[in-house]
There are 2 protein chains.
Amino acid sequence: MDFSSFLTSLATSFLIFVVLMFLFTWLSRKPGNHVIYYPNRILRGLDPYEGMRATRNPLAWIREALASTEADVVRTSGVDTAVYFVFLNTVLGIFVLSGLLLLPVLLPVSSTARFRIDYDESTSQGTFNNLDKLSMAHIQPKSRRLWAFVAATYLVSAITYSLLWKAYKHVSNLRAAALMSPDAKPDQFALLVRDIPPVQKGQTRKQQVDSYFRTIYPDTFYRSMVVTTNNKVDKIYQELDGYKKKLERAEVIYSESKTTAKPEGSRPTTKTGFLSLIGKNVDAIDYYDAKIKKLIPKLESEQKATLKDRQRSAAIIFFNNRVTAAAASQSLHDTMVDNWTAMDAPQARDLIWSNLPKNFYERLIRQYIIYFIVLLTIFFYMVPIGFISALTTLDNLKKLLPFLKPVVEQPLIKTVLEAYLPQIALIVFLALLPSFLLFLSKAEGIPTRSHAERAAAGKYFYFSVLNVFIGVTLGSTLFDTFKEIEEHPKSIITILGNSLPGSATFFLTFVALKFFVGYGLELSRLVTLVLFHLKKKYLCKTEAEVKEAWAPEDLGYSTRIPNDMLVVTIVLCYSVIAPVIIPFGVVYFGLGWVLLRNQVLKVYVPSYECYGRMWPHIFIRIMASLILYQITMLGYFITKEFIYTPILIPLPVMSFIYMYVCKKKFYRFFTCTALEVAAHEVSAAPNMEAVFRSFVPPCLSTEKPDGHQFEDAFSLISANGSVA
Amino acid sequence: MDFSSFLTSLATSFLIFVVLMFLFTWLSRKPGNHVIYYPNRILRGLDPYEGMRATRNPLAWIREALASTEADVVRTSGVDTAVYFVFLNTVLGIFVLSGLLLLPVLLPVSSTARFRIDYDESTSQGTFNNLDKLSMAHIQPKSRRLWAFVAATYLVSAITYSLLWKAYKHVSNLRAAALMSPDAKPDQFALLVRDIPPVQKGQTRKQQVDSYFRTIYPDTFYRSMVVTTNNKVDKIYQELDGYKKKLERAEVIYSESKTTAKPEGSRPTTKTGFLSLIGKNVDAIDYYDAKIKKLIPKLESEQKATLKDRQRSAAIIFFNNRVTAAAASQSLHDTMVDNWTAMDAPQARDLIWSNLPKNFYERLIRQYIIYFIVLLTIFFYMVPIGFISALTTLDNLKKLLPFLKPVVEQPLIKTVLEAYLPQIALIVFLALLPSFLLFLSKAEGIPTRSHAERAAAGKYFYFSVLNVFIGVTLGSTLFDTFKEIEEHPKSIITILGNSLPGSATFFLTFVALKFFVGYGLELSRLVTLVLFHLKKKYLCKTEAEVKEAWAPEDLGYSTRIPNDMLVVTIVLCYSVIAPVIIPFGVVYFGLGWVLLRNQVLKVYVPSYECYGRMWPHIFIRIMASLILYQITMLGYFITKEFIYTPILIPLPVMSFIYMYVCKKKFYRFFTCTALEVAAHEVSAAPNMEAVFRSFVPPCLSTEKPDGHQFEDAFSLISANGSVA
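All values reported here derive from a predicted model rather than from experimental measurement.

1. A word on the side chain of D338 of chain B
Within the secondary structure layout, D338 of chain B lies in the loop between α11 (322–329) and β6 (341–344). What makes D338 of chain B buried here is its relative accessible area of 9%. Only 2.8 Å separates the side chain of D338 of chain B from the side chain of K665 of chain A, close enough to count as a polar contact. Filtering out sequence-adjacent residues up to four positions away, D338 of chain B remains in contact with K665 of chain A together with D195, F360 and Y361 of chain B.

2. Description of the side chain of D564 of chain B
Residues and elements named next belong to chain B. Tracing the backbone through its elements, the reader meets D564 in helix α23 (residues 557–574). R560 is the oppositely charged side chain nearest to the buried, salt-bridge-free D564, at an N-O distance of 6.0 Å. If we ignore the near neighbours within four places in the chain, the residues touching D564 are Y84, F87, L88, Y519, Y588 and F589.

3. Considerations on the interface of chain B and chain A
On the chain A side, the residues contacting the 35 residues of chain B number 35 residues. With both chains or domains summed, chain B and chain A bury close to 3,100 Å², and 64% of this area falls on carbon and sulfur atoms. A per-residue breakdown of the area chain B buries against chain A is headed by L332, T335 and K665 of chain B, which together make up 19% of the total. One can count two salt bridges joining chain B with chain A. In this structure, D338 of chain A and K665 of chain B form a salt bridge, with 2.8 Å as the shortest nitrogen-oxygen distance. In this assembly, chain B and chain A are joined by 14 residue pairs in polar contact (both at pLDDT 80 or more). Sort the elements by how many residues they give to the side of chain B that touches chain A and helix α26 (residues 650–671) of chain B lands first, with seven residues. A breakdown of the residues in the side of chain B that touches chain A according to their chemical character gives 22 nonpolar, seven polar and six charged.

4. Considerations on the pattern of salt bridges
Two side chains with opposite charge may pair up if their charged atoms get near one another. Residues and elements named next belong to chain A. Here the structure, examined in full by the defined rule, presents 36 salt bridges over all chains. The partner of E444 in a salt bridge is K459, with the nearest N and O atoms 2.6 Å apart. With E444 in the loop between α16 (411–443) and α17 (449–474) and K459 in helix α17, this pair connects stretches of sequence that are 15 residues apart. A relative accessible area of 6% means that E444 is categorised as buried. K459 sits in the buried class, given a relative accessible area of 8%. The structure contains a network of salt bridges with shared partners spanning R41, E64 and K602.

5. Looking at the layout of surface pockets
Residue and element names in this part refer to chain B. Empty space within the second largest pocket amounts to approximately 1,200 Å³. As for the second largest pocket, its lining consists of 32 residues, and the residues nearest its centre are Y460, K514, G518, T559 and N563. Of all elements in the fold, only α16 (411–443), α17 (449–474), α20 (504–524), α21 (526–538) and α23 reach the threshold of two or more residues within the lining of the second largest pocket. Of all the elements, α20 adds the most residues to the lining of the second largest pocket, at six residues.

6. With respect to the sheet that holds strand β5 (residues 311–319) of chain A
Paired through their backbone hydrogen bonds, the strands of a sheet run either parallel or antiparallel. All names here are of chain A. Strand order in the open sheet formed by four strands is β2-β5-β1-β6, and the pairing between neighbours is antiparallel. Two strands close off the open sheet at either side, each with one partner strand: β2 (221–228) and β6 (341–344). Mean inter-strand twist for the sheet, computed between neighbouring axes without regard to direction, equals 25°. Against the sheet, helix α8 (residues 205–216) engages β1 (190–194), β2 and β5, with an angle of about 145° to β2.

Reading the values: rules and limits
- Residues numbered from 1 in each chain as written.
- Chains lettered and ligands numbered in written order.
- Predicted model: local features only at pLDDT ≥ 70, side-chain atom pairs only at ≥ 80, totals over all residues.
- Heavy atoms only, no water.
- Helix = DSSP H or I, 4+ residues; strand = E, 2+ residues; numbered from the N terminus.
- Buried < 20%, exposed > 50% of the residue type's maximum accessible area, 1.4 Å probe, protein only.
- Polar contact = N/O pair within 3.5 Å; in protein donor to acceptor, adjacent residues only side chain to side chain.
- Contact = heavy atoms within 4.5 Å.
- Lys, Arg positive; Asp, Glu negative; His and termini not counted.
- Salt bridge = Lys/Arg side-chain N within 4 Å of Asp/Glu carboxyl O.
- Buried area = accessible area lost by both parts, 1.4 Å probe.
- Nonpolar A, V, L, I, M, F, W, Y, C, P; charged D, E, K, R; others polar.
- 1 Å grid on protein atoms, 1.4 Å probe; cavity = no way out; pocket = protein on both sides within 12 Å on 5 of 7 lines; lining within 4 Å.
- Points joined across faces, edges and corners; volume = space filled by probe spheres on them.
- Pairing = 2+ DSSP bridges.
- Axes fitted to C-alpha atoms, helices over the stretch in contact; angles between N-to-C directions.

Written out as structure tokens, the structure reads:
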């Protein structure tokens, strides 16, 4: 890539961004689109423009985003989102400080060096001298100028350490503030217990759980809720819900048909068979009505059966104060660790109910099997793709889907398909990967969605750093590289240092594309907008259906964070070798900050709150990037034949010590609640019945106020306050 | 060593044992020796022969030992001792079962093989064919008979796994039974808190601690005791105590002199100077009396000063129920893990007071420094010995200690000394090593003596296995071996397999010597007896002094367990290669069991109780021996050119999985108290004041009942039960 084409690429990306931004300004003003651009505000019952000044400046959203405070973010979107902004702030801080200190020194040092670069060492594969001049490749081997780069390597590390330390403290305070809030959350009074041993003869599960906890916590135990297998009752509940929606829809159609003055007889009809496509034609309203009437008693009897017979080995325990719940979640209850394992209860909406009854060892074994599968995926992901593309050759396709035959036998289409089938398989694989990793993480037996998302994000991070970053840099698959390292074990250090400079421009373009096009699409929400209008026009009939069509998603940490982390890794690794990349990193995170502030305040709605437990995960990944950077620099200085290279060896050691100290000092508070925090007074004595009800899954809840059906799996509290 | 000299060595050891045993029978019957052979019983106020039958059979003690139950051991000597017997039982069980299954099969298989053994492969360095015939060395390489040994290798592992599993469960139950006993111990109500942050202005340490815990535990907090620096007050206390003893002694001498009808004026005198050796002659009784009168108010004012001004950043917190104390010890209190770190309070006598105020990071750093020192000690212990022996050449000795000159200039003595000085240095080093390791472990900042002993035992185990076992086997120092392994990394497996068979007879003799001579000395207590009689005759005047002279020690786990473990390692490693070693192992642990039962019931008095926390430590060391054995077998089968050798690879893998599962399942209960256990009812509401007083160090306690001096470091409880 020569300089002009690099600039062209940059300019094109920027142009797309500007176009998308103006599209956003224009589209977001149309009232019909407000549900797409302000769903968060609408759901909170606010006017889209509330609190904004009257001037309809096209960049007003930027001013508004910059003016918002962290407290605003916590209030509208929770601690998790605020922690994500701490991450953006910190990385931005690292890059801004590094840029301010490195660029004025390193660029002159490089560009004034007089050294003809070999083709091999070029940062742009030999055709792009303007950038080469500004990179470390332009420095002569053994040159004394390399000292400046040694200092820069240390400087970037020191900046990272100090900003991360501040960030960790800050996040810890955010978490503490949320947990000590006088406005106590239901999950703070609850404890999740798993691996309950088998029930003894003559005792029900509920009695077992209640008597166990009443013995240990005679004064503070309130009530328990045994986890049940809900798939059967849930199926009926979903069916009933579906019929209710269909009935509503049919009624709307009917009333519309009346207003449009059609004859009375045009009541909507439906077919009774599969997907309402086949079968007898019947009157829709009557049909759904009958179905609902039949399902309601079925649901009730199934609820009773579930609560009575499908109790499993997990339970949620409720205490009447926060300190006991917090202490209980950290304590060993049985002498055997694999019985009565306790943990902090997450929010009810965060629970993965089906994972709760999974056994201690089952969880362990699943975890290791899945680590192994992920390892295989990371190292050999090309194998199944090759296999799939071999299976999906044109001949096979023709056999499997004969109706495609006339199409694929066109010579042009045939050539294109034959050439691109493997690539298509790769693209499909990469598109499905995050969902696949999330599925794997859930299959580990993790009890909460937030934890599963963290686990999936971790897996995706290692996949993208190892395959995208290292893969592109070394120009080969990881597996081949590892074979080489195995044969020449000492090459492990120099192998990255040797190859890194060659890919600098590729990654410059990559980052630029990511922020201009990626953020442009993020802000304008074009895909969501188009989908919404299509749905609204052709599918949605009722209010509820329209609302469902625009319901905003959450931030999607499991892909967002690994993507950001890949940029962090790239920019850190090149920060000293080719410091021109730093401004690109600053733009990526600066623009991202502003844009996401807007999205968070107006669009996204978090689907759970885990009080910043994401942070230690982010911290570890940043440190992994930093260590990769430090080892890369070590390798690169060796290829520069710099005899003082060993002066860099303390850096990775320091990083490990730093991580260790941070883990020791901060980490435990992110796995549980400190008692000091839980001991803060609550504003009012909690309504324990409401706390309890908030954990009842929708398919088991009932409209009847007496709640008689809870007596089996859920312990009852009698009038005098003692447990029945 | 040929067969006859091996038998001679065995016979000699056995003869020594028989002599010592009869010596024991004879000596233990003399009433004057009862304090040496029955101190435990005497201290418990029992008659030495109580509960024994009248017949004075010389082997009656064996019958008595065999008849005693585990409950007896727990009652007289505590859970720790019972756990030590579980260890002996388990190892004995492993060896008996292995012997029963292996000997009848492997010995015929070996002895009927027709294979001339090379000198290199002999298990007795070529001169000892009778034993060689019974060992695996007698099997031809690649022989099909090796399958029997493969099966044996698996069998020994399987026996070890199953017996260890049973033992772990059993120990866990022992611990639970002790902790759930209705007769609650003071330490079960206490919590040890370290790393208390600095006191804020206008607040005392006591107020800070009290208000902190009263906020978190409003209903269950009873009182706190801030840890103080006691060395100054302790010095005065010791001084006062010394004078009190001296006064008592002087009075005894005086009254004796009166009864022997000496003139009235012969009151005992003493000198006022250094060690009572120099200075003015004064009347002893008056002098000590005056000293005591002067010291008592000094002690009191020093106690007050200590409690007021020498408060440190650690405290012991008392709760009025066991569950809260157990839950608190497992909970995070501050958001920063390095503040307010809490742990189970050990027994007061188990505390190392001076280590309590050590800071979180200080402890971490000390720990790593000490690990490093121990590593150096294990690998390079020859270096300082060489250095010391170079320093202590005769010429240097003559310069330093001129009065030795006439002695060392005798030609004979000179030759002997010059030849043996290095050996003497080695012996002195090995004798001092356990104390050195215990000193190092205490310097880590460990808060309890029991933990320090465990840590020292672990260090000593690795020293002895690596240097004695591997050192003797390979016939060189570890350091040389490691250099070889570094040069030929793949030799790590075969290096032990190659060398092991050559040392079989050495270790047979070693084990035999250890049990016959070692246990003979243990039982007869000759050294202790002689020392006691010497002290009694020449030094002791008062009752208290005599009692101090015979005061029994504890079992001394920090050296006893590593010594036993070395035998376990040796016997396990040779169990398949030379199965004749198994009976020796059986005798060692069988004899040890009987002997120590006797000693435990009659002699030793434990100096602390940590409810079996020693066990996980023992378990890990047995597993380490097993894994060493499995790897050795792998190496030995390779040298036997057995092509199915890889069939043994799953063994070490299985061991690691087994260890991991055991750790997951059982370990946590050994680091803290399960709430279920703590929730068992106590027989009577604890006397909290007595619980509190049991933790007051002797130098700070006072005879005055009002306890007014506690007001500074110890929070006071007022009449109405609230804390002042």
